[in-house]
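Report on the structure
Chain residues, written in single-letter form:
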Amino acid sequence: MRENDENECCCVIFDLDGTLINTEAIVDEAVVSTIKTMKKSVSEREIFDAAEDCRGQRPLEASVELCEKLSLHDVVKPAELLTKCGEKLQWDGIDIPDMPGAVRLLEFLKRKKVPMALATSTSRKELEKKMKSTGRTSDDGKHRGDLLSYFDAICCGDEVAKGKPDPEIFHLAMERLGVKREDAGRCLVFEDTPHGVSAAKSAGCCCVAVPSLRREKFDMYKGADRVYHSLMDIELEDFGLPKFEDWKEVKTVEFVKEDGDASLSSQTRKYERFLKLDAFLELTGPVIRGFGRGSKMLGIPTANLDVVPLKQQIDKLAPGIYFGFAKISSGKHKSTGIHRTVMSIGYNPFFNDKRKSIEPWLLREFEEDFYDETLSVLVCAYVRAECNFTTVENLIERIRKDARVCEEALDLDLVEGLDSWKHWFEDDV
Ligand code: ADP
Ligand code: RBF
Ligand code: MG
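Predicted model only: the values in this text are computed from it and were never measured. (Residues numbered from 1 in each chain as written. Chains lettered and ligands numbered in written order. Predicted model: local features only at pLDDT ≥ 70, side-chain atom pairs only at ≥ 80, totals over all residues. Heavy atoms only, no water.)

As for a nonpolar patch on the surface
Quick reminder of the rule: Every patch collects residues that have over 30% relative accessible area and no salt bridge, joining them within 9 Å if they carry like charges and within 5 Å if they are nonpolar side chains (Val, Leu, Ile, Met, Phe, Trp, Tyr). For the area figures, the Shrake-Rupley method with a 1.4 Å probe applies, and any residue is considered shielded solely by the protein chains shown. Should a side-chain nitrogen of Lys or Arg be within 4 Å of a carboxyl oxygen of Asp or Glu, the pair is scored as a salt bridge. By the criteria applied, helices consist of DSSP H or I runs no shorter than four residues and strands consist of E runs no shorter than two, each listed in order from the N terminus. Think of it in three bands: with a 1.4 Å probe and only protein chains considered, a residue is buried below 20% of the maximum accessible area for its type, exposed above 50%, and partly exposed in between.
A cluster of nonpolar side chains, Leu-60, Val-64 and Leu-82, forms an exposed patch at the surface whose accessible area comes to about 210 Å². Following the sequence through the fold, Leu-82 ends up in helix H4 (residues 78–88). With relative accessibility at 30%, the residue Leu-82 sits in the partly exposed group.

What follows is the structure, given as structure tokens:
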């Protein structure tokens, strides 16, 4: 345990599924397809919704709750449902991606020598299987199993008598990190589910939630000390931990605190900022039609790309606002050069969109539109999480400010690593 002031966090405890690795979509799919064949009268939507509510618990407890919620007692017993779903969930060879920002956070805390524990509802055996997934092998040469090497203690669901929302697993993690019970408030817990948050808070820990449930259910996270949109947005210094060093400030664009921004660190922020991505992401596809609101309502046209074929790529990014470059590589506007672009990749909370969209605003004027032409975008940096606004004017003002962040960062050459993408800048322009 590190010596530190009272009330400042000295160690961090992580949940695994939905917090560090993205297993939720895979589990949901297995649950939906299993139950669908058993009980025809429940819709996919209802199953999915109930499955979400059961997240965070140990498998059998989640199965019990699921059977109750969907009144499955006449068709299946919880243990049997679990076995059936389990047959579909052989993790071997499956690609389980990291949650966006997880590795950056773990790497940073490791470098700063902050003790870390894993407190997962998954059993040890299941954990070992998940660590054999192919998720991390390709990009950075690391293996999925290497994820465990960040932790000073690993606590699994089958090592405790009671699972989350009971606090026992967090007590065990604290014990293994050498933290006394009365110092629980100095452990910072990262959780993605309401059950996990309840467990952490009952243990007396400080808890931040990064919800894996849909926005409509955000009320369920009220018990958390702070709720973030993604791991990219965490301000560790708010909890007395070392401050991330990779944000870059744009000293010509003044920072203005948004309504409802609860963070302490933002009280001292003066400038807007951005975070260069570890790996730039290339998104290519035909420009599709959206709702037409960009130009009509906001005076800001966005050349939307279809998310469906790009799903795997954009799941690597936290929903949010990014900037980078764009080029049009087929159609009438081919060879018009490289254009700076600022884009939203997410659900546009102001409009409450149900589906994700990719919306790049190219920072130059075009005489004509370019629907169906091929657009290639190189996403280089993260600016902020998506947010809601009280008026459309505020949304417009914020988007224009994002554009200034992009312009300034690129004018001043603040984004490193563009050299290795030379081919992208030279091809087809
Ligand atoms: P939609 O909802 O169909 O995307 P928008 O109002 O957002 O409608 O307009 C987007 C279209 O406007 C793009 O598909 C593109 O053809 C055209 N366009 C013109 N100028 C720009 C620009 N600077 N950035 C992005 N798209 C532009
Ligand atoms: N929509 C939101 O609801 N919240 C945002 O914070 C937000 N930020 C944006 C930032 C940029 C740079 C751009 C280009 C768009 C943003 N939008 C945001 C998306 C906007 O709602 C969308 O482009 C229009 O709805 C057009 O479909
Ligand atoms: Mg658009």
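A closer look at the site of ligand 1
Basically, it comes down to this: The near set for a molecule or strand comprises every residue that places at least one heavy atom within 4 Å of it. Nitrogen and oxygen atoms within 3.5 Å of one another constitute a polar contact, given that in protein one can donate a hydrogen and the other can accept it, and given that sequence-neighbouring residues count only through two side-chain atoms. When residues are grouped by polarity, Ala, Val, Leu, Ile, Met, Phe, Trp, Tyr, Cys and Pro land in nonpolar, Asp, Glu, Lys and Arg in charged, and all others, Gly among them, in polar.
In the neighbourhood of ligand 1, 19 residues make up the surrounding shell, with Gly-290, Gly-292, Ser-295, Phe-370 and Tyr-371 lying closest. Gly-292 is positioned such that a nitrogen or oxygen atom in its backbone is 2.6 Å from an oxygen atom of ligand 1. Between Phe-370 and ligand 1, the recorded distance is 2.7 Å, taken from a backbone N or O atom to an oxygen atom. Protein chains bury 93% of the 560 Å² of accessible surface belonging to ligand 1 in isolation. Here the shell around ligand 1 is built from residues that sort into 10 nonpolar, 6 polar and 3 charged.

Let's talk about the site of ligand 2
Neighbouring residues of ligand 2: 20 residues in total, closest Arg-293, Phe-350, Glu-359, Arg-384 and Cys-387. Take Cys-387: an N or O atom from its main chain is 2.8 Å from a nitrogen atom of ligand 2. Here ligand 2 has 540 Å² of accessible area as a free molecule, and 99% of this is covered by the chains. Looking at the shell around ligand 2, the elements with two or more residues in it are helix H9 (293–298), strand E10 (338–346), strand E11 (357–362) and helix H11 (392–411). Here the shell around ligand 2 is composed, by residue class, of 11 nonpolar, 4 polar and 5 charged.

Observations regarding the sheet that holds strand E1 (residues 11–14)
Operational definition: Strand pairing is assigned whenever DSSP identifies at least 2 bridges connecting the two strands. Whether two residues touch is decided by their heavy atoms; if any such pair falls within 4.5 Å, the residues are in contact. Note on definitions: angles span 0 to 180 degrees between N-to-C directions of axes, and those axes are lines fitted to C-alpha atoms, for helices only across the stretch in contact.
Across the sheet, 6 strands lie side by side as E3-E2-E1-E4-E5-E6; this open sheet has parallel pairing. Each edge of the open sheet carries a strand with a single partner, namely strand E3 (153–155) and strand E6 (226–227). Pairing geometry for strand E5 (residues 206–209) and E6, over 2 bridges, is parallel. Residue pairing across strands places Ala-209 opposite Val-227, the latter belonging to E6. Strand contacts of helix H7 (residues 168–177): E1, strand E2 (116–119), E3 and strand E4 (187–191), with the helix running at about 160 degrees to E3, the strand carrying the most contacts. Its contacts with the sheet place helix H8 (residues 194–202) against E4 and E5, and it is angled at close to 165 degrees to E5.

Just distances and angles here, no functional claims.
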